[in-house]
Amino acid sequence: MTDGHDQFAGLHFAPAPDLHGPVPGPRSVALLDEQAALESRARSYPRAVPIALEEGRGATLRDVDGNTFLDFFGGAGALNLGHGHPVVAAAATAQQRRLVHALDFPTVSKNALMRSLKDRLPGALRRTARFHFGGPTGSDAVEAALKLTRTHTGRSPVIAFHGSYHGMTSGALSVSSDTSYRRTDAASVQFVPYPYCYRCPLGLRPDSCGLACAKLVETVIADPHSGTGPPAAVIVEPIQGEGGTVVPPPGYLAELRRMTAAHDVPLICDEIQTGFGRTGSMFGADHDGIVPDVMTLSKAIGGIGYPLSCIAYDEALDTWEPGAHIGTFRGHQVAMAAGVAALEVMDETDLPGHAGRLGELALATLRDACATLESVGDVRGRGLILGVELVRDRETREPWPELTAEVRRACLQRGLIVEVGGHFGNVVRFLPPLVITRELLLRGLEIFTEAVRERERVPTVARVAA
Ligand code: PLP
């Protein structure tokens, strides 16, 4: 057995990382300056990762100054097959010559994608699933899932979780917890604690809590005096991504499934970040063996970064009217053809298995390396969705967002691109393309631990002065 890494070795720039000077280099600086003069204040990533991009290959990215980076950000989890996978790119190019725009007409590529997806859904959904393609972003899929469940149940309230992130359009934002983003009225959304065991909101310990936070959700759903009323849906991320790579304890999602079914409440699993092999299984909720009523799918569904999203749901919910959820860009044929090719590559290469094996290696490596780093409070994840929570003090667990930002910059200066998330902006997040090799993964983790070691030793006085 090759364990996958040999078959993926040729997909990346080599050597990587490979820097030719300080970052950002002069050509990046020129483009960043021009961007700053032209684009909105709301732009975000180039502030923390100041480079201008030229070309991507596999798990590596090259900037306009010829610097090559290891990409542990992977297009925010969209690039499970990496940048520019040649087989997927060829399928997309061929489709582009035939047909690009098709609204919701049937096409060979679209129907093939629905069949391929259906074959991979969990449990009864493999038999009963219907698909709906709306706008091309993850947020659009969340909007569709909310509309579908509200239409079907005739109810309005939705239960979402502390630490959730479901997108930026108004419905998706209303079920996202970060109040710095959410200025809209969230009256019909009730937020309940997610099982964030490192910072248990109920002050309990996972070995003895008896899943008390799940019981709390059942109270909100079932108690006529909970102030919520019977909800139209519960929406949950099987692993919270932007919330800081928070992995629920075993049994939690199964308990959520049991109680939502018992009270006749549709369960929406937002698999936008956890789907398509990311966690070591096809979907994030597969680890708990649950079958949701609705799944939201996006990011990696478009193969190598083409925009596409859809919901997959139990046909019993298919009670909305024809034309109930329309949109001009709901039939991106290139993305669909790329998606079909990507699913084939995933099967042929056992990409989820590869991600699962590398994930275990990464967790063991990080836990080992981080044992001697004072600022590492927690290391967690599953497959190749990984997070390291940085704290000022391991006892008090006080978050350390300033150090986290410094570590991100120090990683970039060494040729590694990482993401930052979490309730307090103190979780370094890794979402590398699943086609990464063992060697590149270990090199990236080494760079990260070097960066933490360097930055946590900086005396407070020097940090303030800087
Ligand atoms: N849901 C989850 C779990 C996400 O991680 C994201 C984006 O990060 C979204 C929804 C929103 O997707 P998009 O940014 O494509 O609108």
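Each chain carries its own residue numbering, running from 1 in the direction its sequence is written. Local features are withheld for residues below a pLDDT of 70 in this predicted model, meaning they are given only at 70 or higher, and side-chain atom pairs are given and counted only at 80 or more; totals for whole chains, interfaces and linings count all residues. Processing note: side-chain calculations cover all non-hydrogen atoms of the structure and skip hydrogens and water entirely.

Student: What should I look at first to understand the domain arrangement of the protein chain in this one?
Tutor: One frequent convention defines the size of an interface as the accessible area lost when the parts assemble. Along its sequence, the protein chain is organised into domain 1 (4-77 + 351-465) and domain 2 (86-349). Here the C-alpha centroids of domain 1 and domain 2 sit 26 Å apart. Here, residues are in contact when the closest pair of their heavy atoms is within 4.5 Å. On the side of domain 2, 30 residues touch domain 1, which itself brings 37 residues to the contact. Counting the surface lost from both domain 1 and domain 2, the interface buries some 2,600 Å², and carbon and sulfur atoms represent 52% of this. Once two parts are joined, some of their accessible surface, as seen by a 1.4 Å probe, is lost; buried area is that loss totalled over both. Of all residues in domain 1, the largest losses of buried area upon contact with domain 2 belong to Arg382, Ile385 and His423, amounting jointly to 25% of the total for that side. Any Lys or Arg side-chain nitrogen found within 4 Å of a carboxyl oxygen on Asp or Glu counts as a salt bridge. A salt bridge links Glu242 to Arg429; the shortest N-O distance between them is 3.3 Å. Secondary structure counts use DSSP, requiring at least four H or I residues in a row for a helix and at least two E residues in a row for a strand, with both numbered from the N terminus. Counting only elements with at least two residues in the side of domain 1 that touches domain 2, the list comes to helix H1 (5-8), helix H4 (74-77), helix H13 (351-370), strand E11 (376-382), strand E12 (385-390), strand E14 (419-421) and strand E15 (427-430). How far each domain reaches was decided by an automatic or database domain assignment.

Student: Sorry, what's going on with the nonpolar core here?
Tutor: One broad rule of soluble globular proteins: the nonpolar side chains tend to lie buried together. Phe276, Val407, Phe430 and Phe448 are the most contacted members of the largest nonpolar core, which totals 71 residues. No other element matches helix H12 (residues 333-349), which puts ten residues into this core. Take the buried residues of types Ala, Val, Leu, Ile, Met, Phe, Trp, Tyr and Cys, join any two whose side-chain atoms come within 4.5 Å, and each joined set is a nonpolar core. Each residue is assigned to one of three classes by its accessible area relative to the maximum for its type, calculated with a 1.4 Å probe on protein chains only: buried under 20%, partly exposed between the two thresholds, exposed over 50%. One finds Val192, Val246, Leu267 and Cys269 within the second-largest nonpolar core, a separate group that totals 24 residues.

Student: Please explain unusual backbone geometry as it appears in this structure.
Tutor: Glycine aside, residues mostly have negative phi angles, and peptide bonds mostly take the trans form. Of note, the bond from Ala14 into Pro15 is cis; its omega dihedral lies within 30 degrees of zero at -5°. Position of Pro15 relative to the elements: it lies in the loop between H1 and helix H2 (26-38). The linkage connecting Val23 with the following residue, Pro24, adopts the cis geometry, with an omega of 0°. If you trace the backbone, Pro24 turns up in the loop between H1 and H2. Even without a glycine there, the phi angle at Thr245 is positive, about 50°. Its location among the elements puts Thr245 in the loop between strand E7 (233-236) and helix H11 (252-262). Located in the positive-phi region is Asp264, a residue other than glycine, with phi close to 60°. Structurally, Asp264 is set in the loop between H11 and strand E8 (267-270).

Student: Just to check I follow, could you spell out a nonpolar patch on the surface for this structure?
Tutor: Together, Leu202, Leu204 and Leu216 line one region of the surface with nonpolar side chains, adding up to about 210 Å² of accessible area. Structurally, Leu204 can be placed in the loop between strand E6 (189-192) and helix H10 (212-222). Residues enter patches when their relative accessible area tops 30% and they take part in no salt bridge; the joining distance is 9 Å for like charges and 5 Å for the nonpolar side chains Val, Leu, Ile, Met, Phe, Trp and Tyr. In this description, accessible areas are obtained by the Shrake-Rupley approach with a 1.4 Å probe, and a residue is regarded as covered only by the protein chains that are shown.

Student: Help me understand the environment of Asp293 in this model?
Tutor: Relative to the helices and strands, Asp293 resides in the loop between E8 and strand E9 (294-297). In the structure, Asp293 is positioned 27 residues away from Pro266 in sequence and 5.6 Å away in space, judged by C-alpha atoms. Excluding residues that lie within four positions of it along the chain, Asp293 makes contacts with Leu125, Arg257, Val265, Pro266, Leu267, Ala312, Tyr313, Asp314 and Leu317.

Student: Looking at this model, I keep getting lost on the site of the ligand. Mind explaining?
Tutor: Every residue lining the ligand is accounted for by Thr137, Gly138, Ser139, Tyr165, His166, Gly167, Glu237, Glu242, Asp270, Ile272, Gln273 and Lys299. Contacts described as polar in this section are N or O atom pairs within 3.5 Å, which, within protein, must combine one atom able to donate a hydrogen with one able to accept it, while residues neighboring in sequence count only if both atoms come from side chains. Here an oxygen atom of the ligand sits 2.8 Å away from a polar atom, N or O, in the main chain of Gly138. Between the ligand and Tyr165 there is a distance of 3.4 Å, counted from a nitrogen atom to a backbone nitrogen or oxygen. All amino acids are sorted into three groups, where Ala, Val, Leu, Ile, Met, Phe, Trp, Tyr, Cys and Pro are nonpolar, Asp, Glu, Lys and Arg are charged, and the leftover types, Gly among them, are polar. Considering only residue class, the shell around the ligand consists of two nonpolar, six polar and four charged. A molecule or strand has a residue near it when one of that residue's heavy atoms lies within 4 Å.

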